[in-house]
Every structure is written in C-alpha cells, then in structure tokens.
Amino acid sequence: YISKALGLSMISLIEKSLNAKTSEEIQEVLNNLKFRIPKPYRLNSVTETLHLGEANCYEASLVAAHLMRSQGFVPRLLLLFSPPKNKVREGHAVYVYEKDGNFFSLGRSSNIDLEARLHPHKTIASLASSYAKGFNGMGLVLDSFAVVELKGNEWVASKKPITEYLVNLASTANYTKI
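All of these numbers come straight from a predicted model, not from anything done at the bench.

1. A word on the pattern of salt bridges
- All told, the structure shown has 6 salt bridges when counted by the stated rule.
- Residue Arg89 is joined to Asp143 by a salt bridge in which the shortest nitrogen-to-oxygen separation is 3.2 Å. In this pair, Arg89 is assigned in the loop between strand S5 (76-81) and strand S6 (91-99) and Asp143 in the loop between helix H6 (132-137) and strand S9 (144-149), connecting sequence segments 54 residues apart.
- On the basis of relative accessibility, which here comes to 33%, the residue Arg89 falls in the partly exposed class.
- Judged by its relative accessible area of 10%, Asp143 falls in the buried class.
- Of the charged contacts, one joins Glu115 and Arg108 as a salt bridge, the two residues approaching to 3.1 Å between their closest N and O atoms. The exposure classification of Glu115 matches that of Arg108, with both residues buried.
- Here the residues in one salt-bridge network are Arg36, Glu54 and Glu59, joined through shared partners.

2. Overview of the packing of aromatic side chains
- Taken as a whole and judged by the stated rule, the model has 4 aromatic pairs.
- Ring centres of Phe81 and Tyr175 lie 5.6 Å apart, and the angle between their planes is 75°; on these two criteria the pair is classed as edge-to-face. Of the two residues, Phe81 is situated in strand S5 and Tyr175 in the loop between helix H8 (163-171) and strand S10 (176-177); the sequence distance between them amounts to 94 residues.
- By relative accessible area, Tyr175 is classed as partly exposed at 30%.
- Taken together, a centroid distance of 5.8 Å and an interplanar angle of 15° make the contact between Tyr95 and Tyr97 stacked. Considered together, Tyr95 and Tyr97 belong to a single accessibility category, that of buried residues.
- Grouping aromatic residues by their ring pairs yields a cluster made of Phe73, Tyr95, Tyr97 and Phe104.

3. Topic: unusual backbone geometry
- A positive phi angle is found at Asp100, which is not glycine, with a value near 55°.
- Judged by relative accessible area, Asp100 falls into the exposed class, the value being 72%.

4. Some remarks on the confidence of the model for the protein chain
- Per-residue confidence for the protein chain gives a mean pLDDT of 87, with 89% of residues at or over 70.
- Strand S7 (residues 102-106) holds the highest mean pLDDT among the elements of the protein chain, 98, whereas strand S1 (residues 4-5) holds the lowest, 42.
- Taken as a whole, residues 1-8 scores under 50 in pLDDT and shows 23 contacts with residues more than four places along the chain or in a different chain.

5. Quick notes on the packing of helix H2 (residues 23-31) against helix H4 (residues 57-69)
- With their axes 10 Å apart at the nearest point, H2 and H4 run at an angle of 150° to one another. Between H2 and H4, the angle falls in the class roughly antiparallel. The way H2 lies across H4 gives a crossing that is right-handed. Contacts between H2 and H4 involve Ser23, Ile26, Val29 and Leu30 from the first element and Ala60, Val63, Ala64, Leu67 and Met68 from the second.
- The residue inventory of the contact of H2 with H4, partitioned by class, reads 8 nonpolar, 1 polar and no charged.

6. Here we look at the side chain of Ser45
- Looking at where Ser45 falls in the secondary structure, it is placed in the loop between strand S3 (34-35) and helix H3 (46-52).
- By relative accessible area, Ser45 is classed as buried at 0%.
- If near-sequence neighbours (up to four positions away) are discounted, Ser45 is found in contact with Glu154, Trp155, Val156, Ala157, Ser158 and Ile162.

7. Digging into the nonpolar core
- Counting residues in each nonpolar core, the largest one holds 36 residues, and the members touching the most others are Tyr58, Leu62, Val63, Leu106, Leu150, Trp155 and Leu166.
- Ranked by residue count, the leading element in this core is H4, at 9 residues.
- Look past the residues within four positions of Trp155 in its chain and what remains in contact with it is Ser45, Val46, Leu62, Ala65, His66, Arg69, Pro75, Leu150, Ile162 and Tyr165.
- Formed by 14 residues, the second largest nonpolar core is a distinct cluster that contains Leu80, Ile124, Tyr131 and Leu142.

Criteria and cut-off values
Residues numbered from 1 in each chain as written. Predicted model: local features only at pLDDT ≥ 70, side-chain atom pairs only at ≥ 80, totals over all residues. Heavy atoms only, no water. Salt bridge = Lys/Arg side-chain N within 4 Å of Asp/Glu carboxyl O. Helix = DSSP H or I, 4+ residues; strand = E, 2+ residues; numbered from the N terminus. Buried < 20%, exposed > 50% of the residue type's maximum accessible area, 1.4 Å probe, protein only. Phe/Tyr/Trp six-rings, centres within 6.5 Å; stacked < 30°, edge-to-face > 60°. pLDDT = per-residue confidence, 0-100. Contact = heavy atoms within 4.5 Å. Axes fitted to C-alpha atoms, helices over the stretch in contact; angles between N-to-C directions. Parallel < 35°, antiparallel > 145°, perpendicular 65-115°, else oblique. Left-handed = near helix turned anticlockwise from the far one by under 90°. Nonpolar A, V, L, I, M, F, W, Y, C, P; charged D, E, K, R; others polar. Core = buried A, V, L, I, M, F, W, Y, C linked by side-chain atoms within 4.5 Å.

This is the structure we're talking about:
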C-alpha cells in the first residue's frame, strides 16, 4: 500500500528525503510530513516516520538529524520546555546544527512559530530563546532548554517505538534556564 503525506506518496517522500542535500531541502521534507499530535507513549524511528508519512516535532527532529548527519553534521536535538503544570512539562524539539560559528534549527510543528530557524544565531541560548513566541502563542512560557546528542542508530531504523530511548535521553540532559 502507499500512504499519503500531504499529497506525496510514501515512495516519493522517501525519494525526496534521500535526495535532500541542503538544510532547505531537508526542511522541505519535514514540511511534507503530515503533522500529528504526539501520541502518549509512542514515538517512531526515522524509518517508521518516513513510512507513515507523518510526524510530531520529536519524530521530525529525528528525520532532520538523520538527513543532516549524512551531510556531515552532528545529530543533536534542541529540547525546549515550559515549567511543570500538574507535574507535566510541555515540550518541543527541533534539530539543531552549527555552521560557520552560527546555530540553526530544522523542525516541524502545527505552530509556525515553533518551526525551523534558518537565520543565524550566535549562541544556542539565543536560538532557544527565539522559540519563546511560539510557546507564548500556546499559553505557555519557555523556561529551559537542553541540547542532546543522538548516539547509535536505534533512533534511525527501529521498527518498534523508540519512546523509551528519547525519554531516557531527555531525562538525563542538562537543562539551562532561560
């Protein structure tokens, strides 16, 4: 069968991802993934995300990390969080990369203010702070961030949900207050 992602067949989406060489082309791949609200306790690998043709912010960040890694960039995520409400922290994730001493991000969201930052930021803190408007638009406050490097390949090709991998990664990160 062929799944549809905003009019693109799964095959053409995978083809497009294989041919993406620049950050702009990789962001276009992310934009062609149907955005879905994260399902509790289920996050998919890059392979499964491209197969389904849909992603939440974490899954789209993983796709970007994988595609940018093939271009020689470090696979790492920028995790952004609001203060806890009823013991729950709202969060967002984007792929973050450094080029020529500046930081940029690639991502997918239902809120345009939480998507890619293709203009340069001198520091990761500045890049992270640029997402405050997106959090405010959802009635939240951005209060902390962390950068985590993705290790191994479990997050790329697993056919099983990788929720535990990402939860462990996020829970061991060193967060910086904004």
